[in-house]
Amino acid sequence: MDGKRPAEPGLGLTGKKRKKEVMAEFSDAVTEEILKKQVAEAWSRRTPFRHEAIVMDMDPFLHCVIPNFIQSQNFLEELQKELLNLDFHEKIPCSAGFLSTSLSDDLKKRKEPHICALRKILFEDFRAWLSDISKIDLESTIDMSCAKYEFSDALLCHDDELEGRRIAFILYLVPSWDRSLGGTLDLYSVDEHLQPKQIVKSLIPSWNTLVFFEVSPVSFHQVSEVLSEEKSRLSISGWFHGPSLTRPPNYFEPLIPRSPHIPQDHEILYDWINPTYLDMDYQIQIQEEFEERSEILLKEFLKPEKFAEVCEALEKGDVKWSSRGPPNKRFYEKAEESTLPDILKDCMALFRSEALFLLLSNFTGLKLHFLAPSEEDEVEDTKEGEAASAPDSTEEGTSCSSSEPKSNQEATGNNSQQSSEQTDPVPAENEAQKESSVPTCQGELRHWKTGHYTLIHDNSKTEFALDLLLYCGCEGWEPEYGGFTSYIAKGEDEELLTVNPENNSLALVYRDRETLKFVKHINHRSLEQKKTFPNRTGFWAFSFVYYE
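On a predicted model such as this, the values are computed, not experimentally measured, just so you know.

### Topic: the sheet that holds strand E21 (residues 495-499)
Here comes step 1: Pairing is antiparallel in the open sheet, where 3 strands are placed in the order E21-E20-E23. Looking at which strands have only one partner, the edges of the open sheet turn out to be E21 and strand E23 (515-519). Within this sheet the neighbouring strands show an average axis-to-axis angle of 20 degrees, counted without direction.
Here comes step 2: Sheet topology places strand E20 (residues 485-489) next to E21; 4 bridges connect them, and they run antiparallel. Directly across from Thr485, in E21, lies its bridge partner Val499.

If you want it as structure tokens, here you go:
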């Protein structure tokens, strides 16, 4: 005998303790049959309901708040430690908007004991409870992640709609928090087109509070910018999945009118533009650089005295501004042109003038004026030369020629294959008309300040176009404030190009059908500008788009 006792069936090895499984429980009060029945009835009738264990409201869309969701404080503290040890990824663009925060990887496969326990209680016990009160057959699909919002982070307006998502949830693990710290969950009302209109309710995050709401075509919400430099807004969020709702047809905004150039001779250029840029040899250099990179920044573009007059008129504050929305697509101020002082009206006229169309043609090689040569003209000249020297080459040359301008092939973010998915369909007849139509433009004078942005959205227009930006009032502006224009390839996260606001600098960017753009949310760091310029809020930009 060796003196060893044989192992008993089903037990682990001698000397090793079996690890105790971590368990979690959610609020007993919520599961009481009487309360559960009352909540289900309120959900069915779409009527508000209030109880110390749960509050349900229908304005502006169905949402519920459960305080003290998890029973054990010790469990929550250990869960918080596990979450803070995760790897977080910074600044993630998404199709619904722009997420400026830190997000963890999907938590559905994490092995940490407290994360596992929370996942189990949410997607088993709580899912069953939710199915009972909502009468939605929720699936076992697990969709959850952790977000850590720190100073200046925000999640801009979106509706959460995606195939199969039925109920969204957020569990807050924040320190003591109040409205002054930002980070509120803001809920939007909608207009007659089911587009977000304005914030009508803000929920302040609170430790161990679960918020959930019905995902629908009107469930527009945002996380407001976090204003605390010391505290982090930690939360776990995700979605319960079920049969998809039938959603209404997409609403397409009325197209912004495009106009051909205003007849005006070249004298306007001599009045306004730095003489350096009117030199033909220099224009050739600019065009070579632009055709290579599809973008260029022309510094000190306007004559100093003209630029000073423009800035003075903007700073006087006599311009009437109107807010541009809806907030799931954009939020900034646009000048009402009828209210502009003469110097600003003249500047707008410059960008619409025939002379500038021709100058932009010289800068870019695009055919924005009938006097500008196009690649088709060059191809025809080449063909004629080939035909004169080689009579048999005409047919071969025709089959190899391209009707697409060289600049189109070299546009920012151009891919070898074009996506078959058009988010904003362009009728075939428009393409036919494009060949015979005259060059056009659209433009506005914009005011950018704290809280402003534009978003990539489902109906973002994708087409060949030349963007023009001229900035004013940017002294001391830092990239960390936001307000820069970012270009990305459709379906990709990586930025292709960033255009930062810079005083009296003209930015030209040619984009193709695979390129999208947005203006980064301007955060509260931008208020630093007031220390140097007390009377200034943000900056201004003349923003134009030109089409061949």
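### Section: the pairing of strand E2 (residues 54-57)
Here comes step 1: Every second residue of E2 is oriented toward a common face, the buried set being Ile54 and Met56 and the non-buried set Val55 and Asp57.
Here comes step 2: Across 3 bridges, the pairing between strand E1 (residues 49-51) and E2 is antiparallel. Note on E2: the bridge partner recorded for Phe49 is Met56.
Here comes step 3: In this antiparallel pair of consecutive strands, E1 and E2, the connection spans 2 residues.
Here comes step 4: Sheet topology note: the E2/strand E3 (residues 63-66) ladder contains 3 bridges and is antiparallel. Within the sheet, the bridge partner assigned to Asp57 lies in E3 and is His63.
Here comes step 5: The antiparallel hairpin formed by E2 and E3 contains 5 residues in its connecting segment.

### Some words on the side chain of Thr184
Here comes step 1: Along the polypeptide, Thr184 turns up in the loop between strand E8 (165-172) and strand E9 (185-190).
Here comes step 2: When its relative accessible area of 5% is taken as the criterion, Thr184 is described as buried.
Here comes step 3: Here Asp186 takes part through its side chain, which lies 2.8 Å from a polar atom of the side chain of Thr184.
Here comes step 4: The residues contacting Thr184, other than those within four sequence positions of it, are Ser202, Leu203, Ile204, Pro205, Gln222, Val223 and Ser224.

### Regarding the pattern of salt bridges
Here comes step 1: In total, this model carries 24 salt bridges according to the counting rule given.
Here comes step 2: Between Arg352 and Glu337 there is a salt bridge, with the nearest N and O atoms lying 2.7 Å from each other. Separated by 15 residues along the polypeptide, Arg352 in helix H8 (residues 342-352) and Glu337 in the loop between strand E16 (330-335) and H8 bring together distant segments of the chain.
Here comes step 3: Using a relative accessible area of 30% as the deciding quantity, one classes Glu337 as partly exposed.
Here comes step 4: In this structure, Arg446 engages Glu444 in a salt bridge whose closest nitrogen and oxygen atoms are separated by 2.7 Å.

### Some thoughts on the packing of aromatic side chains
Here comes step 1: Counted under the stated rule, the structure contains 25 aromatic pairs.
Here comes step 2: Taking the centre distance of 4.9 Å and the plane angle of 75 degrees together, the rings of Trp477 and Phe539 count as edge-to-face. Remark: Phe539 occurs in strand E24 (residues 539-547) and Trp477 occurs in the loop between strand E19 (465-472) and E20; sequence separation between them is 62 residues. Taken as a pair, Trp477 and Phe539 share a single burial class, namely buried.
Here comes step 3: Each residue in the set Phe26, Trp43, Phe69, Phe123, Phe126, Trp129, Phe169, Phe212 and Phe240 is aromatic and connected to the rest through ring pairs, giving one cluster.

### Section: the packing of helix H2 (residues 33-45) against helix H4 (residues 113-134)
Here comes step 1: At a minimum axis separation of 8 Å, H2 and H4 run at an interaxial angle of 55 degrees. With respect to H4, the axis of H2 lies oblique. On the side of H2, the interface is formed by Lys36, Val39, Ala40 and Trp43, while H4 contributes Trp129, Asp132, Ile133 and Ser134.
Here comes step 2: In terms of residue class, the contact of H2 with H4 is made up of 5 nonpolar, 1 polar and 2 charged.

### Some remarks on a negative patch on the surface
Here comes step 1: The grouping of Glu25, Asp28, Glu32 and Asp125 at the surface amounts to a negative patch.
Here comes step 2: Its location among the elements puts Asp125 in helix H4.

### With respect to helix H3 (residues 73-84)
Here comes step 1: Look at H3: 17 Å from first C-alpha to last across 12 residues, which is about the 16 Å you get at 1.5 Å a residue.
Here comes step 2: Restricting attention to buried positions, one finds in H3 the residues Phe75, Leu76, Leu79, Glu82 and Leu83. Around the axis of H3, the buried residues are gathered within 120 degrees of arc, so they sit on the same side.

### A few points about helix H9 (residues 354-364)
Here comes step 1: Burial analysis of H9 places 8 of its 11 residues in the buried class, which makes it a mostly covered element.
Here comes step 2: Of all the positions in H9, only Ala355, Leu356, Phe357, Leu359, Leu360, Ser361, Phe363 and Thr364 are classed as buried.
Here comes step 3: Of the residues flanking the end of H9, it is Gly365, one or two places downstream, whose phi is positive at about 85 degrees.

### Some thoughts on unusual backbone geometry
If a residue is not glycine, its phi is most likely negative; likewise, a peptide bond is most likely trans.
Here comes step 1: Pro60 follows Asp59 through a cis peptide bond whose omega is 5 degrees.
Here comes step 2: With respect to the helices and strands, the residue Pro60 is situated in the loop between E2 and E3.
Here comes step 3: Pro326 follows Gly325 through a cis peptide bond whose omega is 0 degrees.
Here comes step 4: With respect to the helices and strands, the residue Pro326 is situated in the loop between strand E15 (321-324) and E16.
Here comes step 5: Despite not being glycine, Asn208 shows a phi value in the positive range, around 65 degrees.
Here comes step 6: Mapped onto the elements, Asn208 comes out in the loop between strand E10 (196-203) and strand E11 (210-214).
Here comes step 7: The buried category is assigned to Asn208, whose relative accessible area is 1%.

### Some thoughts on the environment of Glu230
Here comes step 1: Its place among the elements puts Glu230 in the loop between strand E12 (221-223) and strand E13 (233-241).
Here comes step 2: Placed 79 residues apart in sequence, Glu230 and Phe151 show a C-alpha to C-alpha distance of 7.8 Å.

What counts, and where the lines are drawn
- Residues numbered from 1 in each chain as written.
- Predicted model: local features only at pLDDT ≥ 70, side-chain atom pairs only at ≥ 80, totals over all residues.
- Heavy atoms only, no water.
- Pairing = 2+ DSSP bridges.
- Helix = DSSP H or I, 4+ residues; strand = E, 2+ residues; numbered from the N terminus.
- Axes fitted to C-alpha atoms, helices over the stretch in contact; angles between N-to-C directions.
- Buried < 20%, exposed > 50% of the residue type's maximum accessible area, 1.4 Å probe, protein only.
- Polar contact = N/O pair within 3.5 Å; in protein donor to acceptor, adjacent residues only side chain to side chain.
- Contact = heavy atoms within 4.5 Å.
- Salt bridge = Lys/Arg side-chain N within 4 Å of Asp/Glu carboxyl O.
- Phe/Tyr/Trp six-rings, centres within 6.5 Å; stacked < 30°, edge-to-face > 60°.
- Parallel < 35°, antiparallel > 145°, perpendicular 65-115°, else oblique.
- Nonpolar A, V, L, I, M, F, W, Y, C, P; charged D, E, K, R; others polar.
- Patch = residues over 30% accessible without salt bridge, like charges linked within 9 Å, V, L, I, M, F, W, Y side chains within 5 Å.
- Areas by Shrake-Rupley, 256 points an atom, 1.4 Å probe, with all protein chains shown as cover.
- Lys, Arg positive; Asp, Glu negative; His and termini not counted.
- Charge placed at Lys NZ, Arg CZ, Asp CG, Glu CD.
- Expected span 1.5 Å × (residues − 1).
- Arc of directions from axis to C-beta.

The analysis is restricted to geometry; functional conclusions fall outside its scope.
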